Amino acid sequence: MAQWTSAVGAAQLARQLSTQQTRPAGPGTRKPPAYRALADGIRLLVLEGRVPVAARLPAERELAVALVVSRTTVATAYETLRAEGFLESRRGAGSWTAVPAGNPLPARGLEPLPPEALGSVIDLGTASLPAPEPWLTRAVQGALEELAPYAHTHGDYPAGLPALRQMLADRYSERGIPTMPEQIMVTTGAMGAMDAICHLFAGRGERIAVESPSYANILQLMREAGARLVPVAMAEGLSGWDIGRWRQVLRDAAPRMAYVVADFHNPTGALADEEQRRGLVDAARSAGAVLVVDETMSELLLDPGIRMPRPVCSFDPAGSTVLTVGSASKAFWAGMRIGWVRAAPDVIRSLVAARAYADLGTPVLEQLAVNWLMSTGGWEDAVSIRREQARDNRDALVTAVRRELPGWEFEVPHGGLTLWVRTGGLSGSRLAEVGERVGVRVPSGPRFGVDGAFEGYVRLPFTVGGPVADEAALRLAAAARLVGTGASTGTEAPRTFVA
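Residues numbered from 1 in each chain as written. Predicted model: local features only at pLDDT ≥ 70, side-chain atom pairs only at ≥ 80, totals over all residues. Heavy atoms only, no water.

Looking only at helices and strands, one finds 16 helices and 15 strands in the protein. Within the protein, residue pairs in contact and separated by at least 24 positions form 75% of the contacts whose partners lie at least 6 positions apart. Surface exposure of the protein reaches about 20900 Å², of which carbon and sulfur atoms provide 54%. (Helix = DSSP H or I, 4+ residues; strand = E, 2+ residues; numbered from the N terminus. Contact = heavy atoms within 4.5 Å. Areas by Shrake-Rupley, 256 points an atom, 1.4 Å probe, with all protein chains shown as cover.)

On to the pattern of salt bridges, then. This model, assessed by the stated rule, comprises 25 salt bridges. Residue glutamate 79 is joined to arginine 82 by a salt bridge in which the shortest nitrogen-to-oxygen separation is 3.3 Å. Taken together, the positions of glutamate 79 and arginine 82, both in helix H4 (residues 71-84) and 3 residues apart, correspond to about one turn of that helix. Here glutamate 79 falls in the partly exposed class, since its relative accessible area comes to 44%. For arginine 82, a relative accessible area of 27% corresponds to the partly exposed category. (Salt bridge = Lys/Arg side-chain N within 4 Å of Asp/Glu carboxyl O. Buried < 20%, exposed > 50% of the residue type's maximum accessible area, 1.4 Å probe, protein only.)

The next point concerns helix H15 (residues 428-438). Where burial is concerned, most of H15 is hidden: 9 out of the 11 residues are buried. Listed in full, the buried residues belonging to H15 are Gly428, Ser429, Arg430, Leu431, Ala432, Glu433, Val434, Gly435 and Val438. Measuring from the side-chain oxygen of the N-cap residue of H15 to the backbone nitrogen of serine 429 gives 3.3 Å; that N-cap residue is serine 427. (Polar contact = N/O pair within 3.5 Å; in protein donor to acceptor, adjacent residues only side chain to side chain.)

Time to look at helix H7 (residues 162-174). Between its first and last C-alpha, H7 extends 18 Å over 13 residues, near the 18 Å set by a 1.5 Å rise per residue. Buried positions along H7 lie against strand E6 (184-187), strand E11 (322-327), strand E12 (339-342), helix H12 (345-355), helix H13 (364-376) and helix H14 (378-404). (Expected span 1.5 Å × (residues − 1).)

A separate point is the environment of glycine 244. Looking at the secondary structure, you find glycine 244 in helix H10 (residues 243-253). Overall, glycine 244 belongs to the partly exposed group, its relative accessible area being 47%. As for glycine 244 and leucine 280, which are separated by 36 residues in sequence, their C-alpha atoms are 9.6 Å apart.

A few words on the confidence of the model for the protein. When pLDDT is averaged along the protein, the result is 88, and 89% of the positions lie at 70 or above. For the protein, the element scoring lowest by mean pLDDT is strand E1 (residues 6-7), at 73; strand E10 (residues 290-294) scores highest, at 98. Across residues 23-27 the pLDDT falls below 50, and counting only partners more than four positions away or on other chains, this stretch makes 4 contacts in the model. Note on residues 489-499: pLDDT is under 50 here. Beyond four places in sequence and across chains, it has 26 contacts. (pLDDT = per-residue confidence, 0-100.)

Bringing the environment of threonine 187 into the picture now. With respect to the helices, strands and loops of the structure, threonine 187 is situated in strand E6. For threonine 187, a relative accessible area of 2% corresponds to the buried category. Each C-alpha atom of the pair threonine 187 and threonine 362 lies 5.8 Å from the other, and the pair is 175 residues apart in sequence. With residues near it in sequence (within four places) discarded, threonine 187 still touches Gly192, Ala193, Arg337, Ile338, Gly339, Trp340, Val341, Arg355 and Thr362. There is a polar contact of 2.9 Å between the side chain of threonine 187 and the backbone oxygen of glycine 189.

A separate point is the packing of H7 against H13. Packed helices, taken two at a time, are described by the angle between their axes plus the distance between the axes. Taken N-terminus to C-terminus, the directions of H7 and H13 make an angle of 40°; their axes are 9 Å apart at the nearest point. Classified by the angle their axes make, H7 and H13 are oblique. Crossing hand, H7 versus H13: left-handed. The segment H7 lies against H13, with Ala163, Leu164, Met167, Leu168 and Arg171 engaging Gln367, Val370, Asn371, Met374 and Ser375. Taken together, the residues of the contact of H7 with H13 break down into 6 nonpolar, 3 polar and 1 charged. (Axes fitted to C-alpha atoms, helices over the stretch in contact; angles between N-to-C directions. Parallel < 35°, antiparallel > 145°, perpendicular 65-115°, else oblique. Left-handed = near helix turned anticlockwise from the far one by under 90°. Nonpolar A, V, L, I, M, F, W, Y, C, P; charged D, E, K, R; others polar.)

Taken together, Val140, Leu144 and Leu365 make up a surface patch of nonpolar side chains, about 220 Å² in accessible area. Considering the arrangement of structural elements, one finds leucine 365 in helix H13. By relative accessible area, leucine 365 is classed as partly exposed at 32%. (Patch = residues over 30% accessible without salt bridge, like charges linked within 9 Å, V, L, I, M, F, W, Y side chains within 5 Å.)

Here H14 crosses helix H16 (residues 466-484) at 30°, and the two axes come no closer than 9 Å. Two packed elements cross with a definite hand, and for H14 against H16 that hand is right-handed. Only Gly466, Ala469, Asp470, Ala473, Leu474 and Ala477 of H16 make contact with H14, whose side of the interface consists of Ala396, Leu397, Ala400, Val401, Arg403 and Glu404.

When you line up the elements, glycine 41 lands in helix H2 (residues 34-48). Its relative accessible area of 1% is what places glycine 41 among the buried residues. Taking the C-alpha atoms as reference points, glycine 41 and glutamine 16, separated by 25 residues in sequence, lie 9.0 Å from one another.

So, about the sheet that holds E12. Strand order in this open sheet of 7 strands is E6-E12-E11-E10-E9-E7-E8, and the pairing throughout is mixed. Bordering the open sheet on either side are E6 and strand E8 (228-233), each of which pairs with just one other strand. On average, adjacent strands in this sheet sit at an angle of 20° to one another, irrespective of strand direction. Where E10 and E11 come together, 4 bridges link them in parallel fashion. (Pairing = 2+ DSSP bridges.)

Right, let's get into the nonpolar core. A general tendency of soluble globular proteins is for nonpolar side chains to be buried together. Of all hydrophobic cores here, the largest spans 56 residues; its most connected members are Trp241, Trp246, Leu291 and Phe332. Here the element with the most residues in this core is H13; it accounts for 7 residues. The contacts of tryptophan 241, once residues within four sequence positions are left out, are Glu211, Met234, Trp246, Val260, Val261, Ala262, His265, Ala270, Leu271, Ala272, Gln276 and Leu280. Counting 41 residues, the second-largest nonpolar core is a separate cluster that includes Ala390, Phe462, Ala472 and Leu482. (Core = buried A, V, L, I, M, F, W, Y, C linked by side-chain atoms within 4.5 Å.)

A word on the side chain of asparagine 393. Within the secondary structure layout, asparagine 393 lies in helix H14. Those residues within four positions of asparagine 393 in sequence are excluded, and the remaining contacts are Leu129, Phe462, Thr463, Val464 and Gly465.

Okay, structure coming up:
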């Protein structure tokens, strides 16, 4: 019986390897042998999760032809990977990827760092902040006081609690988009919302147009659903969306769905202006595509004097083209797994009907907590705390990175939780790998792209500030030195840091 569960073709593997950037060897350093470079490249792809564990690799002859190298080079690279525990083989079954005993499985998305590692590793992997107290405690206490009537029911509300649906509809109406509760479905976080939408509109084999770069976890969710991702390049810096390019892709590729983050885009931090928003809606409507708009960062405006544009759904108030996804996770706390979808009533009915075969509904107590926050004014106070935390962290991180890594390039966004950084020609994948060993966890650029794009980038979230931001920049600089001198295969023990 074969030990592999998926396969990667020779052309695909060659394409992924070609995106990896390596810094030219400096004086006194020798270029590694071809087999060693190939083994290192495959190992990085496994560690990054871009080649899954238990994936069957191409035969030696096939990969040699695709890479235009000798078969001996490929055979020696495979033997090196076997010796290091990253490859297993069996006669008649081929060779498949593995991880050495004791190593954690590589993440395909951006999972939080385990709590036991927080003392020695600074986590810049996830864009999430601690809960804004005392509002979390107050919200849970308020929810408990309102729980009794619901406890006498079955507790399943596939569309969400009526009170919270009404509250969310009223908040959209207050923003100038008349909304009925029938246009709202409450979900288990924004990921739950996107999962439901993908299953309804973009089944296996369907095309989805996505920004390039885009949010890594959503990209992976779409891949797991079997969708074919069609990247649409973002403009450089914070200028964001090229509407002409979007019109062309939507017309030529004819995707069933498009996904955008117009409010403080993850990872670049770009904010779409009203003309871009109108253009995205018009382009999607003309192409007959559903436009899914992720608003999870919309309340995280950090700089005074910046006027927020109207929501994207204001250009499609009936919800026939635009589906809006919101969440409490970024604006309030990631542990509050409450999200929602705003769409046309018939779309909401279809989403609710399909939900019967998924999770049935969202936890009642958490829905009551969010409803309590929004009905008492606690939400606005909590979001104000969150903005202050994120602003202070952003400013501290920007200062530290500019001081320790002056060759890295980025533009400072006016909101959101992320900084998109060009790493001065260094490989983002190698920085991520070495960073783990020097005590800083950072996601590399390719996680946010399609087919290995953005190797020369990393994403830095505004999750640490003060002395921790300084230490994070120092560790990133140490990782950059190791990668830049070709010493990325060595080890360096992380220092324990106590905030």
